[in-house]
Amino acid sequence: MVESNMNNNRRTFVAAIVAVAAGALATLTPLAVGVATFLSPLFRKHKNHHVRVALLSQVPDDGLPRYFPVLTDREDAWNRTPQQRVGAVYLVRSAGEAQPIAFTAKCPHAGCFIGTTSGADQFKCPCHTSTFRLDGSRVRGDEEVSPRDMDRLPLELRKINGENGLSVTEVWVEYIDFQTGHKQAIRTA
Ligand code: FES
């Protein structure tokens, strides 16, 4: 009888320990994942790059496309490399417009860098000859190899105090890397 009671007590004690351990595991696992996510760059989400690409004075309002590289600090799992080229943009400012429009130079078909025709009156991709108007639309619509028009990028103008206290206007874009080969513009993860 005494031995039976002892066995029961032991079983109850072990069951209590197991329950406490399971509870602690359930609580601490999400916490540990959260801490790891916060601390490790491996878990950091992709950041969009807001990048200064030009001065407004470099983009006259003549409607012609201007090409600018996109330089930004690059991060891999643990390292940060400053001012690496991650892409390029075209800025086009029509007559009388205060603000240019921005396109990524990456072709929506397979990612080649889009060029311009000799008169710079159209964009043309050298890889499979997709041709775009200066507003980014495909010249032959769905008959072009490119499945969609050129991808526009959000743009903003920022005034800063330059040398000699003169105000200077910078052109900033949100450089977005879009997936290729789709009809819709989808951001890469
Ligand atoms: S990559 Fe531009 S048309 Fe194919």
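Owing to the predicted nature of the structure, the values given are computational and were not obtained by experimental measurement. (Residues numbered from 1 in each chain as written. Predicted model: local features only at pLDDT ≥ 70, side-chain atom pairs only at ≥ 80, totals over all residues. Heavy atoms only, no water.)

### Describing the overall build of the chain
Secondary structure assignment for the chain yields one helix and 10 strands. In sequence order, the chain lays out its α and β elements as α-β-β-β-β-β-β-β-β-β-β. In the chain, which comprises 189 residues, the proportion classed as buried is 29%. A separation threshold of at least 6 residues defines the contact pool for the chain, and within that pool the share at least 24 residues apart is 47%. Of the accessible surface of the chain, which amounts to about 12,000 Å², a share of 57% is contributed by carbon and sulfur atoms. (Helix = DSSP H or I, 4+ residues; strand = E, 2+ residues; numbered from the N terminus. Buried < 20%, exposed > 50% of the residue type's maximum accessible area, 1.4 Å probe, protein only. Contact = heavy atoms within 4.5 Å. Areas by Shrake-Rupley, 256 points an atom, 1.4 Å probe, with all protein chains shown as cover.)

### Looking at the sheet that holds strand β2 (residues 65-75)
In spatial order, the strands read β2-β3-β4-β8; together these four strands make up an open sheet with antiparallel pairing. Strands at the two margins of the open sheet, each flanked by one partner only, are β2 and β8 (152-153). Relative to β8, strand β4 (residues 101-104) runs antiparallel, the two being bridged by two bridges. The partner of F103 across the bridge, within β8, is R152. (Pairing = 2+ DSSP bridges.)

### Thoughts on the pairing of strand β3 (residues 80-92)
As paired elements, β2 and β3 share 10 bridges and run antiparallel to each other. Paired with V70 across the strands is G87, a residue of β3. Linkage of β2 to β3, two consecutive antiparallel strands, is achieved through a turn of four residues. In the sheet, β3 pairs with β4 via four bridges, with the strands oriented antiparallel. Counterpart to V92 in the pairing with β4 is I101.

### Thoughts on the confidence of the model for the chain
This prediction gives the chain a mean pLDDT of 83; 75% of its residues lie at or above 70. Within the model, the stretch residues 20-46 combines pLDDT values under 50 with 12 contacts to residues more than four positions away or in other chains. (pLDDT = per-residue confidence, 0-100.)

### Brief notes about the pattern of salt bridges
Evaluation of the coordinates by the stated rule reveals 11 salt bridges. One salt bridge in this structure joins R80 and D73, with 3.0 Å as the shortest N-O distance. Across the salt bridge formed by R138 and D149, the nearest N and O atoms sit 3.0 Å from each other. Here D149 lies in the loop between β7 (131-132) and β8 and R138 lies in the loop between β7 and β8, a separation of 11 residues in the sequence. R138 sits in the buried class, given a relative accessible area of 12%. Among the residues examined, D149 registers a relative accessible area of 33% and is labelled partly exposed. (Salt bridge = Lys/Arg side-chain N within 4 Å of Asp/Glu carboxyl O.)

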